[in-house]
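Chain residues, written in single-letter form:
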Amino acid sequence: MNQTDVVATLLRLVLGVVMIAHGLNHWRGGGRIAGTARWFTGLGLRHGVLQAWMSVVTEIGAGVLLLAGLLTPLACAAVISVMLVAGLLAHRPNGFFVFKEGYEYVLTLAVVSLALAVLGPGSASLDEAAGIDVSGWAGFGIALAVAVVATGGLLATFWRPQRPAPEPAASPEPLEQEAS
């Protein structure tokens, strides 16, 4: 293994574990599927339970593919798409920093995924064993294009932005009665 293989393998394994943990947390942690569904619904996504399960399956599935080094550009696309949705709907309004619920973390995971798609999975991967070599600009293009199309499709199909409640009309001041 050369340096690039070691770096790609390290990125792939860490990102895979992070995504599996993230998916398991949406499924089994905190509020479980019901809580995740309420959170997605609160972001303006219709069919919150479906969204919660799609998120869990995508995150765990991408994590497993990354650990195995199988279909790496598509696994990276899944991570990028999940992070795009999270970044756009949940974190963008809060600014950059993660400690203020900003998009710092999701941006980092998305860019690491894109970098991994460019590097390829490394020699210790099922992609390598199967002779699947999609890296460089091809890996970049596939990961980014699939992620953007998937994100756009999900948002077009399921996202209905919350409209702020209208401000109540100002009531007229009560007329003061004149003393007679």
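Our structure's up above, just so we're on the same page.
Residues numbered from 1 in each chain as written. Predicted model: local features only at pLDDT ≥ 70, side-chain atom pairs only at ≥ 80, totals over all residues. Heavy atoms only, no water.

K.L.:
Help me out: how do you make sense of the layout of surface pockets in this one?
P.N.:
Where empty space is left can be seen by rolling a probe of water-molecule size over the atoms. Taken as a whole, the largest pocket spans an internal volume of roughly 610 Å³. When residues of the lining of the largest pocket are traced back to their parent elements, those giving at least two are α1 (3–28), α2 (32–42), α3 (48–68), α4 (72–91), α5 (104–119) and α7 (136–158). (1 Å grid on protein atoms, 1.4 Å probe; cavity = no way out; pocket = protein on both sides within 12 Å on 5 of 7 lines; lining within 4 Å. Points joined across faces, edges and corners; volume = space filled by probe spheres on them. Helix = DSSP H or I, 4+ residues; strand = E, 2+ residues; numbered from the N terminus.)

K.L.:
In this structure, what is going on with α1? I would like to understand it.
P.N.:
Spacing of three or four residues puts side chains on the same side of an α-helix, whose turn is 3.6 residues. Its 26 residues give α1 an end-to-end C-alpha distance of 37 Å, which sits within 8% of 38 Å, the value for a rise of 1.5 Å per residue. When we look at burial in α1, the residues that qualify are D5, A8, T9, R12, L15, G16, M19, I20, G23 and H26. Buried residues belonging to α1 abut α2, α3, α4 and α5. For α1, the N-terminal capping position is held by N2, with its side-chain oxygen 3.0 Å away from the main-chain nitrogen of T4. G30 sits one or two positions beyond α1 and adopts a positive phi of about 40°. (Expected span 1.5 Å × (residues − 1). Buried < 20%, exposed > 50% of the residue type's maximum accessible area, 1.4 Å probe, protein only. Contact = heavy atoms within 4.5 Å. Polar contact = N/O pair within 3.5 Å; in protein donor to acceptor, adjacent residues only side chain to side chain.)

K.L.:
Could you clarify how one ought to interpret α2 in this entry?
P.N.:
Within α2, burial applies to I33, G35, T36, A37 and F40. Residues of α2 that are buried sit in contact with α1 and α3. G44 occupies a position one or two residues after α2 and carries a positive phi of about 100°.

K.L.:
Hey, could you run me through the environment of L109 in this one?
P.N.:
Among the secondary structure elements, L109 is positioned in helix α5. Its relative accessible area of 11% is what places L109 among the buried residues. Those residues within four positions of L109 in sequence are excluded, and the remaining contacts are L15, V18, V79 and M83.

K.L.:
For this particular structure, what's the right way to read the environment of T9?
P.N.:
As for its position among the elements, T9 is in helix α1. Assessed through its relative accessible area of 11%, T9 is described here as buried. Taking the C-alpha atoms as reference points, T9 and R32, 23 residues apart in sequence, are found 31 Å from one another. Beyond its immediate sequence surroundings of up to four residues, T9 is in contact with M1, P121, G122 and A124. A distance of 2.7 Å separates the side chain of T9 from the backbone oxygen of D5, its partner in a polar contact.

K.L.:
Honestly, a nonpolar patch on the surface in this entry has me stumped. Any pointers?
P.N.:
Taken together, the side chains of F96, F97, V98, F99, Y103, Y105, L107 and V111 present a nonpolar region at the surface, about 750 Å² in accessible area. Within the secondary structure, Y105 sits in helix α5. A residue is classified by how much of its surface remains accessible, and Y105, at 36% relative accessible area, is partly exposed. (Patch = residues over 30% accessible without salt bridge, like charges linked within 9 Å, V, L, I, M, F, W, Y side chains within 5 Å. Areas by Shrake-Rupley, 256 points an atom, 1.4 Å probe, with all protein chains shown as cover. Salt bridge = Lys/Arg side-chain N within 4 Å of Asp/Glu carboxyl O.)

K.L.:
Please explain unusual backbone geometry as it appears in this structure.
P.N.:
Unusually for a residue other than glycine, R32 sits at a positive phi of about 55°. In this structure, R32 sits in helix α2. In this model, H47 sits at a positive phi of 60°, which is unusual for a non-glycine residue.

K.L.:
Any chance you could explain the packing of aromatic side chains here in plain terms?
P.N.:
Note on aromatic pairs: each is described by the distance of the centres and the angle between the planes. Summed over the entire model, instances satisfying the criterion amount to six aromatic pairs. Relative to F40, the ring of W39 has its centre 5.2 Å away and its plane inclined at 50°; by these criteria the two rings are tilted. Among the residues examined, W39 registers a relative accessible area of 39% and is labelled partly exposed. When the centroid spacing of 5.5 Å and the interplanar angle of 80° are considered together, the rings of W137 and F140 count as edge-to-face. With a gap of three residues between them, W137 and F140 both fall in helix α7, about one helical turn apart. Owing to a relative accessible area of 72%, W137 belongs among the exposed residues under this scheme. Using a relative accessible area of 26% as the deciding quantity, one classes F140 as partly exposed. Ring-pair connections join several aromatic residues into one group, and the members of that group are F96, F97, F99 and Y103. (Phe/Tyr/Trp six-rings, centres within 6.5 Å; stacked < 30°, edge-to-face > 60°.)

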